[in-house]
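Next come the chains, spelled out residue by residue.
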Amino acid sequence: MSRSMFDDLEVSQASAMGAADSRTLRFAAHALTEADLQGLIRYQEAFLAHVEQAKPGETAALTTAHELGLKASGLAVKVVELGNSMLRAYAGQRWTARRLRTRLAELEQQADATAAEKAARARDELHRVESLEPLARRYGQEAIDLLNQHEDQLVALHTRMQKALTRA
């Protein structure tokens, strides 16, 4: 028996439906500009500066960090929320690709059959994760091009944000 009633759908139909959904969602996405991106980066830096200094269990730390981030960004709340969602999707995917490349390099150093099988699976997954086409359909190619120009900084902020939020 299938794990899901959707498991039996033809992959091409499912892909087509996903692409149509992404294009529909694209209409609701905020068009990212360089100024917006810089504001989002300021938001995350101000947010992190406060949260990383907060004592564990400090209940108001996230609320205060959000307020400080909004003030530093100079952006409307809606722009920050939509933008942070886009940054999480993009930076999370780029972070995952980096981790897969590192793991693949480790597996390729090993000479056994199990490592070769794992390396093949890692290559397949890396190929899937490296594709930014679904994000481009969802947010627009211009936004992805802009994010690509700041990839290292965005992935570093993403890593810090994940650590700070899992600690909080």
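Predicted model only: the values in this text are computed from it and were never measured. (Residues numbered from 1 in each chain as written. Predicted model: local features only at pLDDT ≥ 70, side-chain atom pairs only at ≥ 80, totals over all residues. Heavy atoms only, no water.)

Peer 1: I tried to follow the environment of Arg88 on my own but got confused; where do I start?
Peer 2: Along the polypeptide, Arg88 turns up in helix 4 (residues 77-109). For Arg88, a relative accessible area of 47% corresponds to the partly exposed category. With 69 residues separating them along the chain, Arg88 and Leu157 place their C-alpha atoms 9.8 Å apart. (Helix = DSSP H or I, 4+ residues; strand = E, 2+ residues; numbered from the N terminus. Buried < 20%, exposed > 50% of the residue type's maximum accessible area, 1.4 Å probe, protein only.)

Peer 1: What is the right way to read the layout of surface pockets from this model?
Peer 2: Think of a ball as big as a water molecule: rolled over the atoms, this probe shows where empty space is left. Here the largest pocket defines a volume of roughly 200 Å³. In terms of lining, the largest pocket is formed by 13 residues, of which the most central are Gln44, Asn84, Arg88, Met161 and Leu165. Breaking the lining of the largest pocket down by element, the ones donating at least two residues are helix 2 (34-53), helix 4 and helix 8 (151-167). Considered class by class, the residues forming the lining of the largest pocket number seven nonpolar, four polar and two charged. (1 Å grid on protein atoms, 1.4 Å probe; cavity = no way out; pocket = protein on both sides within 12 Å on 5 of 7 lines; lining within 4 Å. Points joined across faces, edges and corners; volume = space filled by probe spheres on them. Nonpolar A, V, L, I, M, F, W, Y, C, P; charged D, E, K, R; others polar.)

Peer 1: Just checking my understanding: could you explain the pattern of salt bridges for this structure?
Peer 2: For side chains bearing opposite charge, pairing can occur when the charged atoms are close. Applying the stated criterion to the full structure yields eleven salt bridges. Arg94 is the salt-bridge partner of Glu130, the closest N and O atoms lying 3.3 Å from each other. You can see Glu130 sitting in helix 5 (residues 113-130) and its partner Arg94 sitting in helix 4, a full 36 residues away along the chain. According to the relative accessible area criterion, Arg94 is buried, its value standing at 7%. Among the ionic pairs, Glu106 bridges to Arg103, the shortest N-O distance being 3.4 Å. Pair noted here: Glu106 and Arg103 are both in helix 4, with a separation of three residues, about one helical turn. We classify Glu106 as partly exposed; its relative accessible area is 39%. Via salt bridges that share partners, Arg94, Arg98, Arg101, Glu130, Glu151 and Asp152 belong to a single interconnected network. (Salt bridge = Lys/Arg side-chain N within 4 Å of Asp/Glu carboxyl O.)

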